[in-house]
Amino acid sequence: GTWGNPINPFPVQVIGLCVIPTHVNEIPLRTNVLVYPNPTAGVFHFQFGNKENAIKNVTITDVTGRIIFFTNQNKNEVDLSFAAAGIYFYSVVTKEEKVFKGKLVKE
């Protein structure tokens, strides 16, 4: 509708409202995994707070969701030296079916 404002007496017409998010808070699913170095130009290492967490698989995706790396070997490192610089996401599943997710920065 049209309405006035005591500070600005000229009528203003409100047509619509558009909300644009400017920040999204990340919610970590599990925080007891350390990924280092992050950022790096090549190899990322995964270290768990509990040494008994054996890795079942590791998936790395790009920002579009495309899988760029997958392994089902019990390895605690991922070599992304082949990948372009940017932001990637990891998902590590342990043999106990615990899922760890987070962000990697490739230089």
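In case you missed it, the structure is sitting above this.
Anyway, here's the lowdown on the structure attached to this text. Values in this document were obtained by computation on a predicted structure and should not be read as measured data. (Residues numbered from 1 in each chain as written. Predicted model: local features only at pLDDT ≥ 70, side-chain atom pairs only at ≥ 80, totals over all residues. Heavy atoms only, no water.)

**Quick look at the sheet that holds strand β4 (residues 43-48)**
Logical step 1: In spatial order, the strands read β3-β4-β7; together these 3 strands make up an open sheet with antiparallel pairing. Here the strands that pair on one side only, and so sit at the sheet edges, are β3 (33-36) and β7 (77-79). Strand after strand, the sheet turns through a mean of 15° between neighbouring axes, direction not considered.
Logical step 2: Relative to β7, β4 runs antiparallel, the two sharing 3 bridges. Bridge pairing in β7 links Val43 to Asp79. (Pairing = 2+ DSSP bridges. Helix = DSSP H or I, 4+ residues; strand = E, 2+ residues; numbered from the N terminus. Axes fitted to C-alpha atoms, helices over the stretch in contact; angles between N-to-C directions.)

**Some remarks on the nonpolar core**
Logical step 1: Counting residues in each nonpolar core, the largest one holds 17 residues, and the members touching the most others are Phe46, Val58, Ile60, Leu80, Tyr90, Val92 and Leu104.
Logical step 2: Going through the elements one at a time, β3, β4, β5 (55-61), β8 (86-94) and β9 (99-106) are the ones with two or more residues in this core.
Logical step 3: If near-sequence neighbours (up to four positions away) are discounted, Leu104 is found in contact with Val35, Asn38, Phe44, Ile60, Leu80, Gly86, Ile87, Tyr88 and Tyr90. (Core = buried A, V, L, I, M, F, W, Y, C linked by side-chain atoms within 4.5 Å. Buried < 20%, exposed > 50% of the residue type's maximum accessible area, 1.4 Å probe, protein only. Contact = heavy atoms within 4.5 Å.)

**Comments concerning the sheet that holds strand β6 (residues 67-71)**
Logical step 1: Reading across from one edge, β6-β5-β8-β9 is the order of the 4 strands in this open sheet, with antiparallel pairing throughout. Edge positions in the sheet fall to β6 and β9, since each has one partner strand and no second. Between one strand and the next, the sheet's axes are offset by a mean angle of 20°, whatever the strand orientation.
Logical step 2: Sheet topology note: the β8/β9 ladder contains 8 bridges and is antiparallel. Paired with Val93 across the two strands is Val99, which belongs to β9.

**So, a nonpolar patch on the surface**
Logical step 1: Together, Val63, Ile87, Phe89 and Val105 line one region of the surface with nonpolar side chains, adding up to about 320 Å² of accessible area.
Logical step 2: By the secondary structure assignment, Ile87 is in strand β8.
Logical step 3: By relative accessible area, which is 40% here, Ile87 ends up partly exposed. (Patch = residues over 30% accessible without salt bridge, like charges linked within 9 Å, V, L, I, M, F, W, Y side chains within 5 Å. Areas by Shrake-Rupley, 256 points an atom, 1.4 Å probe, with all protein chains shown as cover. Salt bridge = Lys/Arg side-chain N within 4 Å of Asp/Glu carboxyl O.)

**Quick look at the environment of Leu80**
Logical step 1: With respect to the helices, strands and loops of the structure, Leu80 is situated in the loop between β7 and β8.
Logical step 2: When its relative accessible area of 0% is taken as the criterion, Leu80 is described as buried.
Logical step 3: Leaving out residues up to four positions away in the same chain, Leu80 has contacts with Gly42, Phe44, Ile60, Ile68, Phe69, Leu104 and Lys106.

**A word on the pairing of β3**
Logical step 1: Only one face of β3 is covered, namely the face carrying Val33 and Val35; the face carrying Leu34 and Tyr36 is uncovered.
Logical step 2: Alignment of β3 against β4, held across 4 bridges, turns out to be antiparallel. Looking across to β4, one finds that Leu34 is bridged to Gln47.
Logical step 3: Hairpin geometry of β3 and β4 is characterised by an intervening segment of 6 residues between the two adjacent antiparallel strands.

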